[in-house]
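Residues per chain, in single letters:
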Amino acid sequence: MQSPIPKPNPARPGSSILSVRKAASLALLGGWLLTGPALSLGPQDAETPYLIPICPNAQAPPGAPPTVRPTIPARPPRPTQGYPGPVVQPSTGPTTEPSSAEPKDQEIVFSQGAGVAAFDPADWDVWWHYNRGAYIDLEGDLARGVVGAANTPLSPGDSPANSSARRPGQRRAGISESLVARSLHPSLVAEFAKQQSFVHEHALMMALARLGPVEGGTDLVPLFTRRLFTGNAWVREGAVVALGVLGTGDAAIALSELVQDTTNGRAYVAKRSVPTRLRSLAAESLGLCAARCSDVGPLQLAIHHLEPILVDRKADTDLRVASAVGLAIAAKPLVARPLEDLVDFDGLTVSVLELFTERRLDHALEAQLPIVLGRCAQHVTPVRREQTAFELVRLLDPKSRTRTETRRAATVALGSVGDSDEDTLDRRIRRTLMLALDDRDRGVRSLAPIALGHVGSRAGTGAGHARAGVGDATGMLMDALRTSKALDQPWIGLGMGVLGNRLREDHLAVDPHAQTEITNLVGKVKVIERTGTVALAAGLVRAPESAAVIRYRYGKMHAFGWRGRMTTALGMLGDASFLKEMRVGTKEGHHDPEWMEGAAIGRALLGDETVVPDLLVTYDSCHCTTSRYATTRALAWVGDVRAVGTLLEVALDPDLAAWDRAYAAEALGWIADRDPRPWKSWLTSDLVHPATPVTLTDPTGGTGLFEHL
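What you are looking at is a predicted structure, and each value in this text was computed from that prediction instead of being measured. (Residues numbered from 1 in each chain as written. Predicted model: local features only at pLDDT ≥ 70, side-chain atom pairs only at ≥ 80, totals over all residues. Heavy atoms only, no water.)

### A few points about the overall build of the chain
No. 1: Summing up its helical and strand segments, the chain has 35 helices and 0 strands in all.
No. 2: Per-residue burial for the chain yields a buried fraction of 63% across its 709 residues.
No. 3: Put simply, of all contacts in the chain between residues at least 6 apart along the chain, 75% involve residues at least 24 apart. (Helix = DSSP H or I, 4+ residues; strand = E, 2+ residues; numbered from the N terminus. Buried < 20%, exposed > 50% of the residue type's maximum accessible area, 1.4 Å probe, protein only. Contact = heavy atoms within 4.5 Å.)

Set out below in structure tokens:
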């Protein structure tokens, strides 16, 4: 779990500035802790007081050279934090058993501004972290041990996304409404009513919100709003996010009161005015609430309240940025409904287009507008879609003076607007993205292949053949793969994977030459950070010849995290011959969340029914916090109902450490969520980009909306 006590970064725009005396005290304290003989800080917990010693049972990766044992994070990253954090020197002190002391509530230092999150535009691991759930849906494979489905693994030509027949609003197989109403909901509500540490309280709120409203159960809106005036900022902001996840009309009304800073909103927080940061988080959560709700009312409410703030020049910049993000979230609802007849997306598009004519438009706000346009483009009239496309193409013009962050966002947005028919407009979009593959900006070059993969694989409804652009996009990406620099090749491979995966979902064949090119790329890459990425590209495009190369590279790999990527790829390829090594990985890598997660996903994709029992045995075999976090994270991804009993028992056990109970509660929420999981990937797939504000996601501070989820 990401530390709720982030390290302030005064160099980042909008960061809090501590007093000189307080900063000096923290520096002295941090220096003393870092040089302590027995304990060391985790990679993303530079100021957290929850120090966990190294687990004596932790093992080094097989074949790794003898080095000093790495530190175990004091509080491992939240499930949303899958990419590497800042590098911290390992401790050389002795190891002891981890302490189970309860964490003490402390006030959290938050970044107050809407500064840009610390994303590296060329970090393909960040892209996979936020998008992987859109390509890994284990629903059909995991149900076979519960509902008696046929025990047959996925073939290389099958698509995991098509293995699930569950619709939004339905729970997964084995999670009945009776189980939720009679066991999960009342148990978690009763636990929430007790005096808890803030980390466990926050996890229980998220779990209850994912379970959703239960007929005859406790009304969750008053339960969450009462936490808005608590003394702990992590719980306060978690309550705002929980209202968005809950996705009901009452939750939308409460969030709108906070956004507007009304009398009721001030009463919620027990202040004379709602703090700007809380209003910003409420704006984003209101969009999330609208997307999660099956009723169109919250969506209308979100647009009604957020659009005026977005176009108001006198409004606070942070609030305007958050409103843009909230509108982008709301414009991509999880539940299908006739939005065009009920919501005026044309009017919203016109308002956003007019903002580009505003002089001295704030750069943080300008960078969010293309994403709003891209998400609205699926609901507007052809005239508005054409206006949107021309504006995005103009922003991406290399001769324009558009800011770098805005051009990167426009690249992402074009992937949502274009399709593969023979319209003049769509041909121009594909041409623009092809030119962007050689753009001067590294971030645009990185994002363009992904956008081109989306455009080339989306069937059109305009002139000519609906799939005429598939060959064009495939040819563009293969040509770029042959001529591009080594640093850009993983991105191009991922773009080809996105295109191939979408074609598989639509039961269409993938160009065998593209599969061959990806297989050759897997064999050529020698840099360790790129090996796992190109393996994932091969898995996405379903290149069966690459399985042997990936298996060979796996044996030479000494990094747990990248081994996890490769096991996931082998699971996509249906390589059952590697199942034994995956089972060994689940046992050996239980101190590394990435490897544990990748091995569990790979086994589930292969239809291995023993993955959940093995994870539960691993959970009991080592009681250190890091191992239990890695195991519960893997169980959350696998999502099998057989883990519910154990996780509920852990979440309610008062003798366990608070973070152990918190991890179990979070995993329960993911497994019993009423919407197809992982729904967060549906949310972040084209929303997170290098200009994402820290109020939405904050990898270094861990206090953005996505870090709460």
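### A short note on the pattern of salt bridges
No. 1: This model, assessed by the stated rule, comprises 31 salt bridges.
No. 2: In this structure, Arg467 and Asp506 form a salt bridge, with 2.6 Å as the shortest nitrogen-oxygen distance. Residue Arg467 is located in the loop between α21 (442–457) and α22 (469–483), and its partner Asp506 is located in the loop between α23 (489–505) and α24 (512–524); the two are separated by 39 residues in the primary sequence.
No. 3: We classify Asp506 as partly exposed; its relative accessible area is 32%.
No. 4: Several salt bridges share partner residues, and in doing so they unite Asp125, Arg132, Arg565, Glu594, Glu597 and Arg633 into one network. (Salt bridge = Lys/Arg side-chain N within 4 Å of Asp/Glu carboxyl O.)

### Let's talk about the nonpolar core
No. 1: Leu208, Phe224, Phe345, Ile550 and Phe706 are the most contacted members of the largest nonpolar core, which totals 203 residues.
No. 2: Broken down by element, this core gets its largest block of residues, 10 residues, from helix α6 (residues 198–211). (Core = buried A, V, L, I, M, F, W, Y, C linked by side-chain atoms within 4.5 Å.)

### Observations concerning the packing of aromatic side chains
No. 1: One pass over the full model with this rule turns up 5 aromatic pairs.
No. 2: A ring pair is formed by Trp127 and Tyr135, whose centres lie 6.1 Å apart and whose planes are at 35°; its orientation type is tilted.
No. 3: The exposure class of Tyr135 is buried, given its relative accessible area of 8%.
No. 4: Here the aromatic residues Trp127, Trp128 and Tyr135 are joined through ring pairs into a cluster of three or more. (Phe/Tyr/Trp six-rings, centres within 6.5 Å; stacked < 30°, edge-to-face > 60°.)

### A word on the side chain of Thr349
No. 1: Note that Thr349 resides in helix α15 (residues 345–355).
No. 2: Residue classification places Thr349 among the buried residues on the basis of a relative accessible area of 1%.
No. 3: Sequence-distant contacts of Thr349, that is, excluding residues within four places in its chain, are made with Leu373, Cys376, Val380, Arg384 and Thr388.

### Overview of the confidence of the model for the chain
No. 1: Per-residue confidence for the chain gives a mean pLDDT of 78; residues scoring 70 or more make up 77%.
No. 2: Across the chain, element-level confidence peaks in helix α9 (residues 249–260) with a mean pLDDT of 95 and bottoms out in helix α1 (residues 20–34) with 33.
No. 3: Contacts for the low-pLDDT stretch residues 60–112, under 50 throughout, to residues beyond four places or in other chains number 183 contacts. (pLDDT = per-residue confidence, 0-100.)

### Some remarks on the environment of Ala267
No. 1: Relative to the assigned elements, Ala267 resides in helix α10 (residues 263–269).
No. 2: Note on Ala267: relative accessible area 54%, which makes it exposed.
No. 3: Each C-alpha atom of the pair Ala267 and Leu228 lies 9.4 Å from the other, and the pair is 39 residues apart in sequence.

### Describing unusual backbone geometry
No. 1: One non-glycine residue, Ala270, lies in positive phi territory at about 55°.
No. 2: As for its position among the elements, Ala270 is in the loop between α10 and α11 (276–292).
No. 3: Exposure remark for Ala270: the relative accessible area of 59% places this residue in the exposed category.
No. 4: Positive phi is not limited to glycine here, since His507 has a value of about 60°.
No. 5: Here His507 lies in the loop between α23 and α24.

### Digging into the environment of Arg171
No. 1: Here Arg171 shows up in the loop between α4 (144–147) and α5 (177–193).
No. 2: The buried category is assigned to Arg171, whose relative accessible area is 10%.
No. 3: Along the primary structure Arg171 and Ala672 are separated by 501 residues, whereas in three dimensions their C-alpha atoms are 6.5 Å apart.

### A few points about α9
No. 1: The terminal C-alpha atoms of α9, which comprises 12 residues, lie 17 Å apart, in line with the 16 Å expected from a rise of 1.5 Å per residue.
No. 2: Residues of α9 that are buried make contact with α7 (220–225), α8 (233–246), α10, α11 and α12 (297–311).
No. 3: Of the residues one or two after α9, Asp261 is the one with positive phi, at around 60°. (Expected span 1.5 Å × (residues − 1).)

### A few points about the state of the cysteines
No. 1: Following the criterion strictly, the structure yields 0 disulfides and no others.
No. 2: With no disulfide of its own, Cys622 lies 3.5 Å from the sulfur of Cys624, the closest cysteine sulfur. (Disulfide = S-S within 2.5 Å.)

### What to know about α23
Because each turn of an α-helix spans 3.6 residues, side chains separated by three or four positions end up pointing in the same direction.
No. 1: Under the 1.5 Å per step criterion, the end-to-end length of α23 is 24 Å for 17 residues, consistent within 8% with the ideal 24 Å.
No. 2: With 15 of 17 residues buried, α23 is to be regarded as a mostly interior element.
No. 3: Just downstream of α23 lies His507, where phi reads positive at about 60°.

### Looking at the packing of α21 against α23
No. 1: Orientation of α21 relative to α23, taken along the N-to-C sense of each, is 15°, at an axis distance of 8 Å. What the angle tells us is that α21 and α23 run roughly parallel. Like other packed secondary-structure pairs, α21 and α23 cross with a definite hand, here right-handed. Packed against α21, whose contacting residues are Ser446, Pro449, Ile450, Gly453, His454, Gly456 and Ser457, the element α23 presents Trp491, Ile492, Leu494, Gly495, Val498, Leu499 and Arg502 at the interface.
No. 2: Residues that form the contact of α21 with α23 fall into these classes: 7 nonpolar, 6 polar and 1 charged. (Axes fitted to C-alpha atoms, helices over the stretch in contact; angles between N-to-C directions. Parallel < 35°, antiparallel > 145°, perpendicular 65-115°, else oblique. Left-handed = near helix turned anticlockwise from the far one by under 90°. Nonpolar A, V, L, I, M, F, W, Y, C, P; charged D, E, K, R; others polar.)

### Details of the packing of α9 against α12
How two helices sit against one another is set out by the angle between their axes and by the gap between those axes.
No. 1: One can describe the packing of α9 onto α12 by two numbers: an axis separation of 10 Å at closest approach and a directional angle of 10°. Classified by the angle their axes make, α9 and α12 are roughly parallel. Here α9 contributes Gly249, Ala252, Ile253, Ser256, Val259 and Gln260 to the contact with α12, which in turn contributes Pro298, Leu301, His305, Leu306 and Ile309.

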